Amino acid sequence: MVHVYNCHPFSSQQIVQVEQEPGLICCGGGALFVVATGGCKVEAYNLEKEGCPLICRFATMGTVKSIQHSRMGDYLVTIEGKNCATYLRAYTNWRYQAEGKARVGVRLLGHLLRGASVRGGAQMEIIEIPLSERPVAVACCPVTGDLLVGCENTLVLFTLRRQNQQSQNQSQQMVQSTWTNSQQSSSQSQGQIMDSNPNFLDFERSVILHLSQMKPKQVALCGEYVAVQGELEVLVVKLETSSDPKTLEESDTKKTDHLEDHVDFQILPIHQELLGDRAKDCDIAVSIEKTGLEDSKGQYTLSYVLFRRFTPDFFQGCSVEETQLHSLQLYPLFTGNQSMSLQEPSCVFCFFSLPSAGYLYSLKGGVELLSAYQYPEKVLKAVLTDYLLHVITKSALQCFTVRCAAVAARIEDPYIDSTMKACPPCSMEVCALRIQLFIGLRSVCVYGHHVVLLSAADAETTEEPERTTQRRGLSRKWTISSPKETSTAGHGWNLYVVDTVSPLTLYQEMVEYSQRYAETNPQAQSLRHLLSEAHLLLRTSLLQTSEQQRIIEEDSSPSLQADTEGPSVKQAAVRTDSTELEEAFKQNCAQLGDCFSRGSQRECHLALPYYRMSGLSVTELMARNRPLAGRPQSYGPGFLFYLKHYLFEETEQVLSQEAADEVIDIFSQSEPSQLVSVCASPSLINTSPAKTLQILQHLENTAGVSVPLTTTMATMMLRLEDLPEYTRLMERHAEMVLVYGFIEEPRLLLHGGDGGQHAHVRPTALTRQLAKSQPGLLVAAVVALHENNKVQLQHADHIFKELDCENCLQVDFWEAMLMASSQETIIQELLFRVASVYIDRLTNTPSETHTNGPHAPSKRRPLKSADDLINSCSHYGALYPWLIVLNPAHTTSSQHQEALYKLQSLLCGPSLSVGSVMPLMERLSDETLWGFSLHLLCATRRGQYDSSIEKLLDRCPQAIIAYANHHLQDSHMVLWWQKLLPELCNRTRVAADNSILLAALKETSLNRNAVCSTE
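Source: prediction; values computed, not measured.

Rules used in this analysis
- Residues numbered from 1 in each chain as written.
- Predicted model: local features only at pLDDT ≥ 70, side-chain atom pairs only at ≥ 80, totals over all residues.
- Heavy atoms only, no water.
- Pairing = 2+ DSSP bridges.
- Helix = DSSP H or I, 4+ residues; strand = E, 2+ residues; numbered from the N terminus.
- Axes fitted to C-alpha atoms, helices over the stretch in contact; angles between N-to-C directions.
- Buried < 20%, exposed > 50% of the residue type's maximum accessible area, 1.4 Å probe, protein only.
- Phe/Tyr/Trp six-rings, centres within 6.5 Å; stacked < 30°, edge-to-face > 60°.
- pLDDT = per-residue confidence, 0-100.
- Contact = heavy atoms within 4.5 Å.
- Parallel < 35°, antiparallel > 145°, perpendicular 65-115°, else oblique.
- Left-handed = near helix turned anticlockwise from the far one by under 90°.
- Nonpolar A, V, L, I, M, F, W, Y, C, P; charged D, E, K, R; others polar.

On to the sheet that holds strand β11 (residues 124-129), then. Pairing between the strands of a sheet is mediated by backbone hydrogen bonds and can be parallel or antiparallel. Strand order in the open sheet formed by five strands is β7-β8-β9-β11-β10, with mixed pairing between adjacent strands. Two strands lie at the open edges of the sheet, namely β7 (63-70) and β10 (104-108), each paired on one side alone. Pairwise comparison of adjacent strand axes, ignoring direction, gives a mean angle of 25° for this sheet. In this sheet, β11 lies alongside strand β9 (residues 85-92) in antiparallel orientation, the contact comprising five bridges. Counted as the bridge partner of Ala90 is Ile127 from β11.

Shown next, in the form of C-alpha cells:
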C-alpha cells in the first residue's frame, strides 16, 4: 500500500537554454551534461548558478550513445559509435575547456602522455579503453571512482588510478578519496583546474566476470558490490580480494552445463527472489577470469548477494519491451560516526524498477526488501536519492519517500530500538507526494536538490496543454526563469531544472498537513505515518549535515586552505542548519510521542523513547496529555507507560508539589494498583502528604490491607509528624512481614542505586526513623534487600554512613549478612571487615572510657551478642575451653569484653583466614592476658604448637592442660610426650614447689599412661 499526501517537494523550476534538441543528459560535480540528438558534442552547464550558464563545450570522437559522470575523479565516460563500431572512452580534465583551451590529448588506456604535450600545460584528455566485446552499459562507483563496463556476455572492472605530473615515472597509486556530499559546491572542483600540479587519471583493468544465461542491459557498481540487470532479472554479487582464494571456475562450469541441459524446456522465466546465500542457487553462473594482477592485489573471490527474476505480465496488454526492467542503481550512504579515512559506506542500497513497480533492497547487514513502490501509471525512469525517489511518467514527475535513513540509523546505533531511542521501522509503508505535470517527459537525472527533466512533446501536441501545465505549476508559487524566445516557441522540447525544497521546509509542510488528521482523529494511522515520514526526513538531513561538517573541517585545514574566512562562514552556516534540524527533530519526537501515547496497547510502548528523545520535562508532557474538554477524562496507555517508567526508574529530577499531586491524581484515576510504587518514587517527595494519605486510605477501603500500602501510609504519617499514628500503622504487622513488604517495594527505604557502583544512594525519611526506633527491623530489611538483589553491598554501606551509624548498625548489618549470605567472596570480605572493627574496638577501648576513633563503639548495645552469633552463625565458633582461663572477668568494659569474645569466636571458627588479619593483629599488645590469648589463637591456627606450648607455660601454665586436651589430639597426640612432657619435667626441676606445674605434669603422665594402655 502506498499512502498519498499532497505535500510540495518542489520549490522552483528553470529552463536550461540549449541550442539543439538534447538526446542524452547526465549530471554530477555541480554540472549538467547535455548531448544533442545524434550529435558529437557535449555541453556542460552550471547547476549551482541561476540560469544554469554554460561552463564549456567539447567535441567527442563519435556519436554518444551513453554518458555517465563519476564524482570521484570528476571524469566522464561515454559509449560512442562511429563507422559501425562501438568505442568506450573516458574524458578527464574536461573543466579545462572552460578557459577556452583547445588543447586535447588522446591516448590509450595505460599510456600517459609525455613530452611537449605535458610540459606545455594541463589539458583535457580522451582515454581510449579497448575492449574485446562491444560495450553495452557503463557505471561509475560513487565511492572509489572505479569503472564497470557491461558487454554482451562479460563484465569488465577497471580500477581508477591517479598519477601526479611530478611523479609520472614512479609507480601508480590507488586513489585515496572520501565520499563527497551530493550538495557540495562545484566551485571547489572548478578551482582544481588552477592547480600547478594536476593529477592525471588512468584506469587499470582488474577483473573480468563472465556471465551465463544473462545479457546485461544495465550495470551498477558501489565499492565491492556489482549489479547487473537483464530484461527481466537482476543479479547482485560481491567482489572481494582475498589472500585465500576460492576456485569458482570448476563449480560454475558444472552449473552452466547442468543449466544448459534444461534450458530448452523453459518457455517463460519463473519468478524468483533469492536473498543472501540463497542467491547462489540462481541459474546464472558467474566466473572470474584472471588478469595477471592477482599477485599484487590478491585473489578475487565472489559471493552472490541478490537475485530477482520477474515473469512478464502479458495479460495487461503490454508488449515485452514495456515490461523490461530499468533504472538499476546501487546507492551508498554513510553514517555520522564514520571516520573520514573510511571508504566503505555503512549502507548500500539496490534499486531497480519495472514500469509498474519499483523495488528497494538493503544489501549490507543482511539483504532485505525495504520497499515496493506501486506506480499509478507506467514509469519511464526512476532515480534514488537520500531523501526521495523521483520517478517520471510520460506526463508527470512524482516523488516517493524512501527508507534509507531507517536502515542507516540502526547500523549507526544497533540499540536504537530500546526504551531510550526509537526510529520508524524499515518496513513502514511508503508514501507518494505531490505529482507535478509535464508534457512528454523522456529522461531524468538528479544532482543534490536539482532534478533535471528532459521533455519532448509529440509533433501533434498543441501548445494549449503546455500552457495549461505551466499555469498549473505556477499556481503553487513556482518561479520560472525568463527563457529566450527560441526556447519556447521554436521547438517541442525543453530541459527543466526543478529545485526541491529544503528538508526542513518539507518537514514543516508535513507537520502542517498532519494537523488535519490531528484535529479530526488524533489516533489515525495516517497521522502517525506522516509524522514518521517527517522523522526519517530529518534523520537523513542530520546525517548529511554531519557529513558536511566533516568535509568543511577537512577543507579548512591549513595545509589545504589558506583563506580561513570561507570555511568559517560555511561552518557557521552548517552549525545553524544543524541547530534548526535538531530542534525540529525534538519537536517531531514529541509529536510522535503524542501519537503513541494515545494509541493502542500494541504500540503504546513507543511513546517512552520518543518522549525521551524530545527532551521535554515530565511537567511539559503532562500538560500535552491532559484530556481535552468534552472528551473522556482518561489518559492514553502510552503516556501512562512513559510516566510509570519515569517514576519507577531512578532520576534526579524532583517534581514540584503541584506536578507531584497531579501525578497522584492521574494514577488514582487510571491505575490505582500502582499508587504504592508511585508514592515511593523519589521524584514525588514534594507531594502533599495529607492529600496522598486520603487517596491511600480510599485505596485501602476498596482494595484491602497490604503491607506495602500500610508502610506507605505510615510514611505519610511520618511526614505529617504524627508519630503515634505512625507507630500504630507499623505495629499492624510483624517485623518479618514488614521485611517482605520492603522486598516488594525497596524504594520505601532507599532512593537511587540503579546507576552502578558509584550511583548516589540516599536513605528515606522512613529509614531514618527505623534507625532510631526499630534498628533490628532496618538491619533485617537491608539484609533481605541484598539477598534478593535489590541493593548492592556498597550501597547498603553508604546508607548506614548516611545515617551516621557506621560503628553500630553497619557492624550489626555485617554480622547479620554473615548469617544470611552464601556467597564466598562476600563472606570473606565481611569477615575481614568485622575482624578489623573488633580489633579497632579493642585498641580504642581498654577501659570504661573510650576514645573517639573511626570505629569507636557507641553506647547502644549491639543487636547480636557473641553468644547469639556463636549459636546462629557458623562462621563464629565456640570459644576454646582454655580461653576461659585467659579471659579476665570484669576487668574491662562490657563493650571491650564483647569485642574480645567476638574476635576470639571468629578465630575459633572455620571461615576466617588468619593470614589476612595478621597485619592487624600486630596493633594488639600481648602484654595483657586477653591480648596474649588472641596472639596464641593465631599461632595455634597457623599450626605453631611447639612455640604455643612454650608461650603458654611461660604466661599461664594453668591453661596448658585445657589447651593440650583440645588441640593435641589425633595426629598431634605425639606432642604430649615429645614436647609437653619434657617441657613440664624441665620446668618442674627448676621450680619444684610450683603446684601448677606439678598438677600439669601429673595430668600429662596420666594421659600418657592411658594412651599406652589403650595401645
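The subject of this paragraph is the pairing of strand β23 (residues 326-333). When you tally the buried positions in β23, you get eight out of eight residues, the bulk of the element. For β23 and strand β24 (residues 347-353), the ladder comprises six bridges, and the chain directions are antiparallel. Bridge pairing in β24 places Gln329 opposite Phe351.

Turning our attention to the packing of aromatic side chains. Between two aromatic rings, the relevant description is the distance of the centres plus the angle of the planes. The tally for this structure, following the rule as stated, stands at 21 aromatic pairs. Between Tyr513 and Tyr517, the aromatic rings sit 6.1 Å apart at their centres with planes inclined by 55°, giving tilted as the arrangement. Of this pair, Tyr513 and Tyr517 are both found in helix α7 (residues 503-520), four residues apart, which corresponds to roughly one turn of the helix. Since its relative accessible area comes to 13%, Tyr513 is described here as buried. Ring-pair connections join several aromatic residues into one group, and the members of that group are Phe310, Phe352, Tyr359 and Tyr361.

On average, residues of the protein chain score 81 in pLDDT, and 77% of them reach the 70 mark or higher. This model gives residues 165-197 a pLDDT under 50, and the stretch forms 76 contacts once residues within four places in sequence are excluded. Note on residues 554-564: pLDDT under 50 across the span, and 11 contacts to partners over four residues away in sequence or across chains.

Turning our eyes to something else, we now look at the environment of Glu983. Note on placement: Glu983 falls in helix α31 (residues 975-990). Judged by relative accessible area, which is 16%, Glu983 ranks as buried. Between the C-alpha atoms of Glu983 and Glu950, which are 33 residues apart in sequence, the distance is 7.8 Å. Apart from the residues within four sequence positions on either side, Glu983 is in contact with Glu950 and Leu953.

Turning to its location among the elements, Leu886 is positioned in helix α25 (residues 881-886). Given a relative accessible area of 1%, Leu886 falls into the buried group. Separated by 43 residues in sequence, Leu886 and Leu929 place their C-alpha atoms 5.7 Å apart. When neighbours within four sequence positions are excluded, Leu886 is seen to be in contact with Leu929, Trp930, Phe932, Ser933, Leu936, Leu952 and Cys956.

Turning our eyes to something else, we now look at the sheet that holds β24. Strand order in this open sheet of four strands is β23-β24-β25-β26, and the pairing throughout is antiparallel. In the strand order of this sheet, the two ends are held by β23 and β26 (368-374), each with one partner. In this sheet, neighbouring strand axes are inclined to one another by 15° on average, regardless of whether the strands run parallel or antiparallel. Judged from the five bridges that link them, β24 and strand β25 (residues 357-362) form a sheet pairing that is antiparallel. Bridge pairing links Phe351 to Leu360 in β25. Of the strands in this sheet, β23, β24, β25 and β26 touch helix α5 (residues 404-412), which is tilted by about 160° from β24.

Let us look at the packing of helix α15 (residues 689-703) against helix α16 (residues 707-719). Their axes nearest at 9 Å, the elements α15 and α16 cross at an angle of 155°. With respect to each other, α15 and α16 are oriented roughly antiparallel. The hand of the α15/α16 crossing is left-handed. Residues Pro689, Thr692, Leu693, Leu696, Gln697, Leu699 and Glu700 of α15 lie in contact with α16, whose contacting residues are Leu709, Thr710, Thr712, Met713, Met716, Met717 and Arg719. A per-class count over the contact of α15 with α16 returns eight nonpolar, four polar and two charged.

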